[in-house]
Amino acid sequence: MGAVRGCNIPDNLSYNVENNAWVRKDSDGTVTVGVTSYACSLAGEIVSYTPKKVGRSIEKDKSCATVESGKWVGPVKSPVAGEVVAVNDAVTGKPGLINKDPYGEGWIIRLKPANWDADSAALLSGAAAMSAFESKMQADGFKGC
Amino acid sequence: MIAERARWRVIDFGPRTAAQYVATNRAILEARQQGLAPNTLSFLSFSEPAALVGFHQSVDQELRRDYCQAHGITIQRRVSGGGALYVDSTVVGWELYLDRRTIGSSDMLDIARRICETAARGIRSLGVDARFRPRNDIEVGGRKIAGTGGTYDGDVFLYHGSLLVDFDVERMLRVLKIPAEKLQDKAIASARERVANLKELLGEAPPMERVLGVMAQAFSEEFGVDFERADALSPAEDDKFRAALAEVETSEWVEQVSRPAAEAPMLEGVHRSPGGLLRVSLAVDLAKERIKQAWFTGDFFVNPRRMVVDLEAALRDSSLPDYRATVNRFFDGYPAEMLLLRREDFVAAMACALQTLARGGDAASG
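Bear in mind the structure is a predicted one, so any value in this text is a computation, not a measurement. Along each chain, residues carry numbers from 1 onward, in the same order as the chain's sequence is written. Lettering of chains starts at A and numbering of ligands starts at 1, both following the order in which they are written. Local features in this predicted model are restricted to residues of pLDDT 70 or higher, and side-chain atom pairs are both shown and tallied only at a pLDDT of 80 or more, whereas totals for entire chains, interfaces and linings draw on every residue. The side-chain numbers reported here are obtained from all heavy atoms of the structure, hydrogens and water having been left aside.

(A) Seen up close, the packing of helix α12 (residues 307–315) of chain B against helix α13 (residues 323–332) of chain B. Residues and elements named next belong to chain B. Every angle, taken between N-to-C directions, lies between 0 and 180 degrees, and every axis is a line fitted to C-alpha atoms, over only the stretch in contact when it is a helix. Secondary structure elements are defined from DSSP: runs of H or I of at least 4 residues count as helices, runs of E of at least 2 residues count as strands, and each element is numbered from the N terminus. Running from N to C, α12 and α13 cross one another at 135°; their axes reach a closest spacing of 10 Å. Judged on the interaxial angle alone, α13 and α12 are oblique. The way α12 lies across α13 gives a crossing that is right-handed. Contact residues: α12 offers Met 307, Asp 310, Leu 311, Ala 314 and Leu 315, while α13 offers Thr 326, Val 327, Phe 330 and Phe 331. For classification purposes, angles smaller than 35 degrees are called roughly parallel, those larger than 145 roughly antiparallel, those between 65 and 115 roughly perpendicular, and all remaining angles oblique. The crossing is said to be left-handed when, going from far helix to near helix, the turn is anticlockwise and less than a right angle, and right-handed when the turn is clockwise. By the convention used here, residues are in contact when the closest approach between their heavy atoms is within 4.5 Å.

(B) Inspection of the interface of chain B and chain A at higher detail. If you look at the interface, chain B gives 36 residues, while chain A gives 26 residues. The term buried area means the drop in 1.4 Å probe accessible area that two parts suffer when joined, counted for both and summed. Carbon and sulfur atoms supply 50% of the area that chain B and chain A bury against each other, a total of about 2400 Å² over both sides. In terms of surface lost to chain A, no three residues of chain B exceed His 56, Tyr 152 and Lys 288 of chain B, which account for 26% of the buried area on that side. A pair is scored as a salt bridge if a Lys or Arg side-chain nitrogen falls within 4 Å of a carboxyl oxygen belonging to Asp or Glu. Between chain B and chain A we count five salt bridges in total. For Asp 140 of chain A, the salt bridge identified is with Arg 101 of chain B, shortest N-O distance 2.9 Å. If you list the elements that add at least two residues to the side of chain B that touches chain A, you get α4 (100–103), α5 (108–124), β9 (143–153) and β10 (156–164) of chain B. For the side of chain B that touches chain A, the element with the highest residue contribution is β9 of chain B, accounting for six residues. Under the convention adopted here, Pro, Cys and the residues Ala, Val, Leu, Ile, Met, Phe, Trp and Tyr are nonpolar, Asp, Glu, Lys and Arg are charged, and Gly plus all remaining residues are polar. Split into classes, the residues belonging to the side of chain B that touches chain A amount to eleven nonpolar, 14 polar and eleven charged. Being paired, for any two strands, means DSSP has found at least two bridges between them. Sheet topology places strand β9 (residues 72–77) of chain A next to β9 of chain B; two bridges connect them, and they run parallel. Of the residues in β9 of chain B, the one forming a bridge with Trp 72 of chain A is Gly 150 of chain B.

(C) Spatial organisation of the sheet that holds strand β15 (residues 318–319) of chain B. Residue and element names in this part refer to chain B. One open sheet holds the four strands; their spatial order is β12-β13-β14-β15, and the pairing between them is antiparallel. Every interior strand has two partners, whereas the edge strands, β12 (266–273) and β15, have only one. Pairing of strand β13 (residues 276–285) with strand β14 (residues 290–300), which is carried by ten bridges, proceeds in the antiparallel orientation. The residue bridging Val 284 from the neighbouring strand is Ile 291, located in β14. Across the sheet, α12 lies against β14 and β15, angled at about 165° from β14, the strand it touches most.

(D) Focus on the sheet that holds strand β11 (residues 109–113) of chain A. Residue and element names in this part refer to chain A. Strands sit in the order β3-β4-β5-β11-β10-β7 across an open sheet of six strands; the sheet is antiparallel. Strand pairing shows two members of the sheet lacking a second neighbour, β3 (14–16) and β7 (57–58), which therefore form its edges. Sheet topology note: the strand β5 (residues 31–35)/β11 ladder contains three bridges and is antiparallel. From the neighbouring strand, Val 33 faces β11, where its bridge partner is Ile 109.

(E) Here's a closer look at the side chain of Arg 32 of chain B. Residue and element names in this part refer to chain B. Along the chain, the position of Arg 32 falls in helix α1 (residues 18–33). Burial status follows relative accessibility: with a 1.4 Å probe on protein chains alone, a residue under 20% of its type maximum counts as buried, one over 50% as exposed, and anything between as partly exposed. We score Asp and Glu as negative and Lys and Arg as positive, and we do not count His or the chain ends. Buried and without a salt bridge, Arg 32 has Asp 99 as its closest oppositely charged side chain, separated by 4.3 Å. Excluding residues that lie within four positions of it along the chain, Arg 32 makes contacts with Ala 37, Pro 38, Asn 39, Tyr 97, Asp 99 and Val 156.

(F) Fine view of the state of the cysteines. Residues and elements named next belong to chain A. Cysteine sulfur atoms are paired as a disulfide whenever they come within 2.5 Å of each other. For the structure on display, the rule yields one disulfide over all chains. Cys 7 shares a disulfide with Cys 145; S-S distance 2.0 Å. Its torsion about the S-S bond being 100°, the disulfide of Cys 7 and Cys 145 is classed as right-handed. Of the two residues, Cys 7 sits in strand β2 (residues 7–9) while Cys 145 sits in the segment after α5 (126–140), which places them 138 residues apart along the sequence.

These results come straight from atomic positions and should not be treated as a statement about function.
Written out as structure tokens, the structure is:
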């Protein structure tokens, strides 16, 4: 498990660093999307979660869910395009799960990817992702998780 | 060498309908995100009485729909987070559309704090002791005078607030489902202890021009910028405004979050102790296990008096299962003189209210 300024950045995931989101291809061919621990640290405790509905098509880098923390509303932008196949009902009831376990129980949405190979090519993982997060944190003036 | 000061745009939209207000928010934020709009401070007032729910709220959980319909009060959904508001022509909306990096922080709580402290400083120069109260209120002597909230898209955000220049508290109580409903005749007096407005504090309502002037001055000083006046949206923003207006005027927008009122009951508790009689009304969200709002009244002594409203602010939007810890954390950091009343009495009153859930009976769902 990698970490940047105290924020976990697991090395088995692919990241859109600018949008602070991760994606993982699962064995059944669907993908799981979530937010990074860095995003959670910037947002504070998440108190609301509204995902797009199952069956809806999501474009790459467009909102797949809306979250709220400390009176701030913001989108979660999906790193890849696809059709929503599952939303996280556990998070609907307890949105704080996103903060508690952003890479596990606090996942945001599952998609059937539309263009996995093309969309995922631009994503970063491993050392490249960590270095890009370090640059982003520097630009954001972020002290650490 | 003197660095040139940055220039932000300032626009005073004047009176707008609730739908125009929401569409304006969307249009400028989107244009700012696409690099089609500069950093902007804007102002508006409301041309119609309206009830505005927060982006994630459900109309039926927050508002008395029948009353709104019977009294021509428009129901609309904000793009920002937070709780439901009642607004009319006596409320000034102020809004900032900025890049996070302008603020020098990406921490959303830091950004909110800095903007609220600046807005409070502007309001103070009108002659009232306005202060920021975490997380999102501006208050005078413990009484809320402005609520705030925001939304972001990438590195760009909108943060806005509503400042009460004059205010119809009784109307607010009828429009919003707030936990005062069972206090009956005491409800209005009780609400006045929690909500303030400039007219009441200053003896007369200050002219709008002056309110806008002091707010702009405060933001100019805080961020080291000069303002350039614009009279209207740019053509690119106007196109976005029209598209957004067509969408937000539909019931699909307004009703997009719909949850049963029964999931958000109002609970009442009473606790007698040597320190006095303590009543609490709790608005809770059972599905998310949150306390939405708490309201303590009764016959007891505390000093300072505002301790009660500060405790209510600490409990606002807090975890329901952790309410004891929230109360304890509040008292650990709050110097208060209570004679015979103890912090455990506040916990006991809340426990009593929550017991009505277990009984499944007395909890009225508003």
